[in-house]
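# Observations on chain architecture
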Amino acid sequence: MPFTKFEATLPINSTKTQMKEDKNGWKNQENKPFSSKGTSRNTPSNFIRYSGMAMQMLGTILIFTYAGYKLDHWRMNKTPVWTLILSLTSIAASLYLLIRSMPKAK
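Because the structure is predicted, anything quoted here is derived from the model rather than measured. Within each chain, residues carry numbers counting from 1 in the order of the written sequence. Totals for whole chains, interfaces and linings use every residue, but because this is a predicted model, local features are given only for residues with pLDDT of at least 70 and side-chain atom pairs only at 80 or more, for both listing and counting. In computing side-chain properties, one takes all heavy atoms of the structure into account and sets aside hydrogens as well as water.

The helix count covers DSSP runs of H or I at least four residues long, the strand count covers runs of E at least two residues long, and both are numbered beginning at the N terminus. Looking only at helices and strands, one finds three helices and zero strands in the chain. Listing each helix as α and each strand as β along the chain from the N terminus yields α-α-α. Going through the 106 residues of the chain one by one, you find that 8% of them count as buried. Note on contacts: a residue pair qualifies if any of its non-hydrogen atoms lie within 4.5 Å across the two residues. Considering only intrachain contacts with a sequence separation of at least 6, the fraction spanning at least 24 residues in the chain is 36%. In the form shown here, the chain has an accessible surface area of approximately 10,200 Å², with 64% of it arising from carbon and sulfur atoms. Whether a residue is buried, partly exposed or exposed follows from its accessible area with a 1.4 Å probe, protein chains only, as a fraction of its type maximum: under 20%, in between, or over 50%, in that order. The Shrake-Rupley method, run with a 1.4 Å probe sphere, supplies the accessible areas, and residue values consider only the shown protein chains as cover.

A word on unusual backbone geometry. Here Met76, not a glycine, exhibits a phi torsion of approximately 55 degrees, which is positive. If you trace the backbone, Met76 turns up in the loop between helix 2 (46–75) and helix 3 (81–101). Take Met76: its relative accessible area is 70%, and that puts it in the exposed class.

Planes of paired rings set the category: under 30 degrees apart is stacked, over 60 is edge-to-face and the rest tilted, where pairs are Phe, Tyr or Trp rings (Trp by its six-membered ring) whose centres lie within 6.5 Å. By the definition in use, this model includes zero aromatic pairs. Placement of a charge over a ring requires the Lys NZ or Arg CZ to be within 6 Å of the ring centre, with the centre-to-atom vector within 35 degrees of the ring normal. The ring of Tyr50 is capped by Arg49, whose NZ or CZ atom sits 5.9 Å from the centre of that ring.

Our focus in this paragraph is the packing of helix 2 against helix 3. Axes here refer to lines fitted to C-alpha atoms; in helices the fit is confined to the stretch in contact. Angles between the N-to-C directions go from 0 to 180 degrees. Where helix 2 contacts helix 3, the two axes come as close as 7 Å, and the packing angle between them is 160 degrees. One element, helix 2, and the other, helix 3, form an angle in the roughly antiparallel class. Crossing of helix 2 against helix 3: the hand is right-handed. Residues Met53, Met57, Thr60, Ile61, Phe64, Thr65, Ala67, Gly68, Tyr69, Leu71 and Asp72 of helix 2 form the contact with helix 3, whose participating residues are Val81, Trp82, Thr83, Leu86, Ser87, Ser90, Ile91, Ser94, Leu95, Leu98 and Ser101. Here the contact of helix 2 with helix 3 is composed, by residue class, of 13 nonpolar, eight polar and one charged. Any angle that falls under 35 degrees is termed roughly parallel, while one over 145 is termed roughly antiparallel, one within 65 to 115 roughly perpendicular, and all others oblique. Note on convention: the crossing is left-handed when the near helix lies turned anticlockwise from the far helix by less than a right angle, right-handed when the turn is clockwise. All residues other than Ala, Val, Leu, Ile, Met, Phe, Trp, Tyr, Cys, Pro, Asp, Glu, Lys and Arg, Gly among them, are scored as polar; the first ten of these are nonpolar and the last four charged.

Model confidence for the chain is summarised by a mean pLDDT of 77, while 58% of its residues fall at 70 or above. By definition, pLDDT measures how confident the predictor is in each residue, and it falls between 0 and 100. Per-element confidence in the chain is highest for helix 3, whose mean pLDDT is 95, and lowest for helix 1 (residues 16–25), whose mean pLDDT is 55.

Before going further, it helps to examine helix 2. For a helix, the expected span equals 1.5 Å multiplied by the number of residues minus one. Along its 30 residues, helix 2 runs 43 Å from first to last C-alpha, staying within 8% of the 44 Å computed at 1.5 Å per residue. Residues of helix 2 that are buried: Met53, Gly68 and Asp72. Phi turns positive, to about 55 degrees, at Met76, one or two residues after helix 2.

Mapped onto the secondary structure, Thr83 falls in helix 3. For Thr83, the contacting residues outside a window of four places in its chain are Thr65, Gly68, Tyr69 and Asp72.

Quick look at helix 3 now. With 21 residues, helix 3 should cover 30 Å at 1.5 Å per step; its first-to-last C-alpha distance of 30 Å lies within 8% of that length. Close packing links the buried residues of helix 3 with helix 2.

Printed below as a string of structure tokens:
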């Protein structure tokens, strides 16, 4: 039989009073997971901001390195000249953009 019946192992209690108690319980700052103290809801947390920067750097470096690899393969170079040039250029550009996007210390 390809499909089997799935049964939940945890009991689900969904009464309105319990839901109201849960909402009131989450109002405490200490009960919230991943709370960002001192920031408003409209600004992203530091974790999201810096992980976005890291993903941008990683993507830039990977794309330029892959382009250099393909260019070396197409030109049939024995030494990976274009891979080295494009990967080092992408690292420098990524660091420049990272430093430029950092907030200035007052």
